[in-house]
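Structure at a glance
The chain contents come next:
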Amino acid sequence: MTALSRSRVVVTHRRAGVHAFGAKRRALPALLLAISALGTVAVSPAHAQVAKPLKPVKIALGTQVVNVTYPWLTLPIALGYWKEEGYDVQVVTVGGSLQGIQQMVAGGVQFAQLNSTGLIQANTDNNLPVRGLMGTGAIDWGIGVLDSGPINSVADLKGKKIGVFSLGTGGVPLLKGHLRSNGIDPDKDASIIATGAGAPALEALRADRVQALMFWGSALTGFENAGTKLRVLHDPAWRKLPDFTFGTMQKTIDSDPAMVEAIARGAAKATLFAMTNPECTLKIHWKNFPSTKPTGADEATLIKNDLALLNSQLDTLKAAHEMHGGKFIGAMDPAAYGRMQDFMMKEGLIKKTVAPESFLIAKPGFVEAINRFDRNAVIAAAKACTGL
């Protein structure tokens, strides 16, 4: 069975409604990447028996293109991890963490990839029972400015325009807090503008429509892959704080705990596979999702650039793994999220704090359960590049 018969990729353009993210949507319409594992039919000589239908699941992801930098969400589809668990998974792109949470609240998706800022704000300021399931990143955001330009410090951003993916992305609170810490009122002394990601954002910087770009690590790597040398500014304290977190609503945990565990376990297996063999992970991604393969350069350059993107993402996955104890994939240390919450409170990003345990899944033994798979088999498959 070929890779394309195992899964299908549907990419469609869509317009956003009139809301805070409209500027970004007008600049570059978001892509909807629906990735589905197909059911199979077992046939015997006497009769045809239809296999048990796969249960549909949707995951919201704040990006425009599901590229190679999300292996814990794409590899489970390419390698059949979620299909084996009985689920037909679609990854739906949205404008950022806030939109992902909105989709979960509305019932449009069951899961969302969130920034820790969005997770914490949902629980503290909006009283929404959003729960972290897996820690999938440490903060690797940075403010990229032209290396040849006049901006050398955060203080130099006063009066400047700073581009972000969307006004709802999790980096905005970090940016505002960092500006405040350096004596800049983000609402008066600087302008934060939604540019979208990728080429539109980089073109805005090159054309001086914005003078800086606040993006996550792999996005900044992508800008440099495109030939623009950047100077990256950041708060050193960010690197010790959790960021990317795979999440869901408490009602989903209560109503279908088996599904929640199965989806998280598939993501954990994929994380181990990707960390074991990034080169194979890249090859599998390109083969199964060819529409996301970059163009415009020779094959060696495309491989080099996409591998740099993937390794940038794996670095933050590894940093999160170490931050949360270094034992279980996807583990979440409440103390780390407590530090993030304290940082947000100090910077005026939230109005109150809650016990960090309250916004992380409280199911006993959950992290052990999602790591209950044959690690040696996954590592062997990654080293042999099984699935290509």
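Because the structure is a prediction, the values reported are computed rather than measured.

**Concerning the overall build of the protein chain**
Helices and strands together make up the secondary structure of the protein chain, namely 16 helices and 14 strands. Of the roughly 16200 Å² of accessible surface on the protein chain, a fraction of 55% belongs to carbon and sulfur atoms.

**Notes on the environment of proline 200**
With respect to the helices, strands and loops of the structure, proline 200 is situated in helix α8 (residues 198–206). Remark: the alpha-carbon pair of proline 200 and phenylalanine 165, spanning 35 residues in sequence, is separated by 9.8 Å.

**With respect to the packing of aromatic side chains**
With the rule as written, the count across this model stands at eight aromatic pairs. Relative to phenylalanine 246, the ring of phenylalanine 111 has its centre 5.5 Å away and its plane inclined at 10°; by these criteria the two rings are stacked. Of the two residues, phenylalanine 111 is situated in strand β7 (residues 111–114) and phenylalanine 246 in strand β14 (residues 245–249); the sequence distance between them amounts to 135 residues. Of the two residues, phenylalanine 111 and phenylalanine 246, neither departs from the other in class, the shared state being buried.

**Overview of the sheet that holds strand β5 (residues 55–62)**
Across the sheet, which stays open at both edges, the five strands sit in the order β6-β5-β7-β14-β8 with mixed pairing between neighbours. Two strands bound the open sheet, and with one partner strand each, they are β6 (87–94) and β8 (130–135). This sheet shows a mean twist of 30° between the axes of neighbouring strands, independent of strand direction. Pairing geometry for β8 and β14, over five bridges, is antiparallel. Looking across to β14, one finds that glycine 132 is bridged to glycine 247. Here helix α6 (residues 116–124) sits on the sheet and contacts β7, β8 and β14; the angle it forms with β8, its principal contact strand, is near 155°.

**Things to note about helix α5 (residues 97–106)**
Where α5 is concerned, the buried positions are Ser97, Gln99, Gly100, Ile101 and Met104. Immediately beyond the C-terminal end of α5, within one or two residues, lies glycine 107, with a positive phi of roughly 85°.

**Quick word on the state of the cysteines**
Counted according to the given criterion, the structure contains one disulfide. The partner cysteine of cysteine 280 in its disulfide is cysteine 385, sulfur to sulfur 2.1 Å. Residues cysteine 280 and cysteine 385 are joined by a disulfide whose S-S torsion is about 100°; by sign, that bridge is right-handed. Here cysteine 280, found in helix α12 (residues 278–288), pairs with cysteine 385, found in the segment after α16 (375–384); they are 105 residues apart in sequence, far enough to count as distant.

**Some thoughts on the sheet that holds strand β9 (residues 142–146)**
Spatially, β11-β10-β12-β9-β13 is the arrangement adopted by the five strands of the open sheet, whose pairing is mixed. Among the strands making up the open sheet, the edge pair consists of β11 (191–194) and β13 (230–233). Within this sheet the neighbouring strands show an average axis-to-axis angle of 30°, counted without direction. Relative to strand β10 (residues 161–164), helix α7 (residues 171–181) is tilted by about 155°, and along the sheet it contacts β9, β10, β11 and β12 (212–215). Across the face of the sheet, helix α9 (residues 217–225) comes into contact with β9, β12 and β13 while running at roughly 140° to β12.

**Details of the nonpolar core**
Of all hydrophobic cores here, the largest spans 109 residues; its most connected members are Phe111, Leu133, Leu157, Met214, Phe215, Ile263 and Phe273. Among the elements that make up this core, the one with the highest residue count is helix α11 (residues 257–276) (eleven residues). Those residues in contact with phenylalanine 215 that sit more than four places away from it in its chain are Asp140, Trp141, Gly142, Gly163, Val164, Phe165, Thr195, Gly196, Ala197, Ala201, Leu220 and Phe223.

**Quick notes on the side chain of threonine 252**
Tracing the chain through its elements places threonine 252 in helix α10 (residues 250–255). Dropping the residues within four chain positions of it, threonine 252 is found in contact with Gln110, Pro257, Met259 and Val260.

**Re the pairing of β11**
Residues Ile192 and Ala194 point to one face of β11 and are all buried, whereas Ser191 and Ile193, pointing to the other face, are not buried. The pairing of β10 with β11 spans four bridges and is classified as parallel. Paired with glycine 163 across the two strands is isoleucine 193, which belongs to β11. For the segment spanning β10, α7 and β11, crossover handedness is right-handed.

**Side note on the packing of α6 against helix α14 (residues 334–346)**
For the pair α6 and α14, the least separation of the axes is 10 Å and the interaxial angle reads 75°. Comparing the axis directions of α6 and α14 gives the class roughly perpendicular. In this structure, α6 uses Ser116, Thr117, Leu119, Ile120, Gln121 and Thr124 to contact α14, whose residues at the interface are Tyr337, Met340, Gln341 and Met344. The residue makeup of the contact of α6 with α14, split by class, is five nonpolar, five polar and no charged.

Calculation criteria
Residues numbered from 1 in each chain as written. Predicted model: local features only at pLDDT ≥ 70, side-chain atom pairs only at ≥ 80, totals over all residues. Heavy atoms only, no water. Helix = DSSP H or I, 4+ residues; strand = E, 2+ residues; numbered from the N terminus. Areas by Shrake-Rupley, 256 points an atom, 1.4 Å probe, with all protein chains shown as cover. Phe/Tyr/Trp six-rings, centres within 6.5 Å; stacked < 30°, edge-to-face > 60°. Buried < 20%, exposed > 50% of the residue type's maximum accessible area, 1.4 Å probe, protein only. Pairing = 2+ DSSP bridges. Axes fitted to C-alpha atoms, helices over the stretch in contact; angles between N-to-C directions. Contact = heavy atoms within 4.5 Å. Disulfide = S-S within 2.5 Å. Core = buried A, V, L, I, M, F, W, Y, C linked by side-chain atoms within 4.5 Å. Right-handed = clockwise from strand over helix to strand, strands pointing away. Parallel < 35°, antiparallel > 145°, perpendicular 65-115°, else oblique. Nonpolar A, V, L, I, M, F, W, Y, C, P; charged D, E, K, R; others polar.

Honestly, it's all geometry; don't read function into it.
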